[in-house]
Amino acid sequence: MRVLLTGAAGFVGRHLAKALSDATAPSTLFGIVRPGSRADLPGVTRLEADIEDAAAVAGAVAEARPDRVFHLAAQSSPTESWRDPAATVRVNVLGLVHVLEALRRHAEGARVLVVGSAEEYGAVPEARQPIDEDCPLRPASPYAASKVCQGYLALQYALGHGMALVRTRTFNHTGPGRGEAFAESSFARQIAEIEAGRRPPRIRVGNLGAVRDFTDVRDVVSAYERLIETGTPGAVYNVCSGRGYRIQEILERLLALSEAPIEVEVDPERLRPVDVPRLVGDPGRLRQATGWEPRVPLERTLRDLLDDWRGRIAASATAPVRA
Ligand code: A2R
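Keep in mind that what you see is a predicted model, and the values were worked out from it rather than measured.

Draft legend 1. Just the environment of Ala 107, in detail. Examined against the element boundaries, Ala 107 turns out to sit in the loop between helix H4 (85–106) and strand S5 (111–117). Sequence-wise, Ala 107 and Glu 126 are 19 residues apart; in three dimensions their C-alpha atoms are separated by 43 Å. Discounting chain neighbours no more than four positions away, the residues touching Ala 107 are Pro 66 and Ala 102.

So this is what it looks like as structure tokens:
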């Protein structure tokens, strides 16, 4: 089996590449990375292509001739999407078109997973939660809108070209390697820096009132592996645990994993222009299609995230820490 990952050097890409390398059924792994990327990806044949460059993407797909494609390349930060909506649309929407057109030419029979986001649902009334896949889409950020476009493009290629595209709407996921644009990872980094004496004992936070449905990234990757094999082409699946946690609770659990005395300070710059108060999903369709269940408890997820930041900070000595 030839497997291609776009965004292979990203947070999910690295976990997925590891899971695929460790799998009992051997596969040949290819990963599209941005030109000049110095990411170390053991067991993955690196193919350099900017996802915004149609010809480069076509070249990479022609070389990989994949049977399976996990499309993970994205501008993945909702916060960043407010700063540069056009770049978000170029990477997320145009980038997907480039991948799909390349697949039509070089690997039309491939099964493809296109990863969307729970942000596509926007602000859903609490009475309508947990959110199932039939909930109306009301994207509230440029990122969310780009993901809605991705989902419909994937559906159009499934309907219009008969391609085997399976779509997700993935809720919050985290774990070791998460970038600090995400609240829980920013908290973990700050705690690790405080422990290392690299910042004053004060943690800066944004909106702690929001409730999110968290899943460990390793469970998310296992859902993706199952969905690409057994998901119905054209169908969309929530990937979520079905359990809501207030961000305040995530912060408190992380603080409890540290011995350091730490103050909490709200930073107005970390409050997003539009924040969705609660997002808890219904994983019923995913469960039914694949038998998937999340296995990693939140406690381990947060401990691994914090330990990863401790390691990154220790390794960086006086150099800037890699996000
Ligand atoms: O920033 P880099 O060099 O690590 O590359 C990122 C890659 N990417 C691109 N690759 C090629 N050409 C581009 N123009 C381009 N722009 C971004 O996509 C990175 O390796 C990857 C995205 O990784 P993360 O930001 O870590 O996202 P994550 O959490 O792995 O998300 C995977 C999927 C995305 O569709 C998200 O929107 C969704 O899950 O939540």
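Draft legend 2. Fine view of the site of the ligand. By nearness alone, 19 residues border the ligand, and Phe 11, Val 12, Ser 76, Tyr 143 and Lys 147 come closest of all. At 3.2 Å from an oxygen atom of the ligand is found a main-chain nitrogen or oxygen belonging to Ala 74. Protein contact buries 84% of the 790 Å² of open area that the ligand shows by itself. Those elements giving two or more residues to the shell around the ligand turn out to be helix H1 (11–22) and helix H5 (142–161). Its residues placed into classes, the shell around the ligand shows eleven nonpolar, four polar and four charged.

Draft legend 3. Inspection of the pattern of salt bridges at higher detail. One pass over the full model with this rule turns up 25 salt bridges. Residue Glu 101 pairs with Arg 104 through a salt bridge whose shortest N-O separation is 3.3 Å. Taken as a pair, Glu 101 and Arg 104 lie in helix H4 at a separation of three residues, close to a single helical turn. A residue is classified by how much of its surface remains accessible, and Glu 101, at 30% relative accessible area, is partly exposed. The exposure class assigned to Arg 104 is partly exposed, which follows from its relative accessible area of 33%. Through salt bridges that share partners, Glu 180, Arg 189, Glu 193 and Arg 199 make up one connected network.

Draft legend 4. Molecular detail of the packing of helix H2 (residues 54–64) against H4. Where H2 contacts H4, the two axes come as close as 9 Å, and the packing angle between them is 45 degrees. Here H2 is positioned oblique relative to H4, judged by the angle of their axes. Crossing hand, H2 versus H4: right-handed. Between H2 and H4, the residues in contact are Ala 54, Val 57, Ala 58, Val 61 and Ala 62 and His 98, Val 99, Ala 102, Leu 103, Arg 105 and His 106, respectively.

Conventions adopted
Residues numbered from 1 in each chain as written. Predicted model: local features only at pLDDT ≥ 70, side-chain atom pairs only at ≥ 80, totals over all residues. Heavy atoms only, no water. Helix = DSSP H or I, 4+ residues; strand = E, 2+ residues; numbered from the N terminus. Contact = heavy atoms within 4.5 Å. Near = heavy atom within 4 Å. Polar contact = N/O pair within 3.5 Å; in protein donor to acceptor, adjacent residues only side chain to side chain. Areas by Shrake-Rupley, 256 points an atom, 1.4 Å probe, with all protein chains shown as cover. Nonpolar A, V, L, I, M, F, W, Y, C, P; charged D, E, K, R; others polar. Salt bridge = Lys/Arg side-chain N within 4 Å of Asp/Glu carboxyl O. Buried < 20%, exposed > 50% of the residue type's maximum accessible area, 1.4 Å probe, protein only. Axes fitted to C-alpha atoms, helices over the stretch in contact; angles between N-to-C directions. Parallel < 35°, antiparallel > 145°, perpendicular 65-115°, else oblique. Left-handed = near helix turned anticlockwise from the far one by under 90°.

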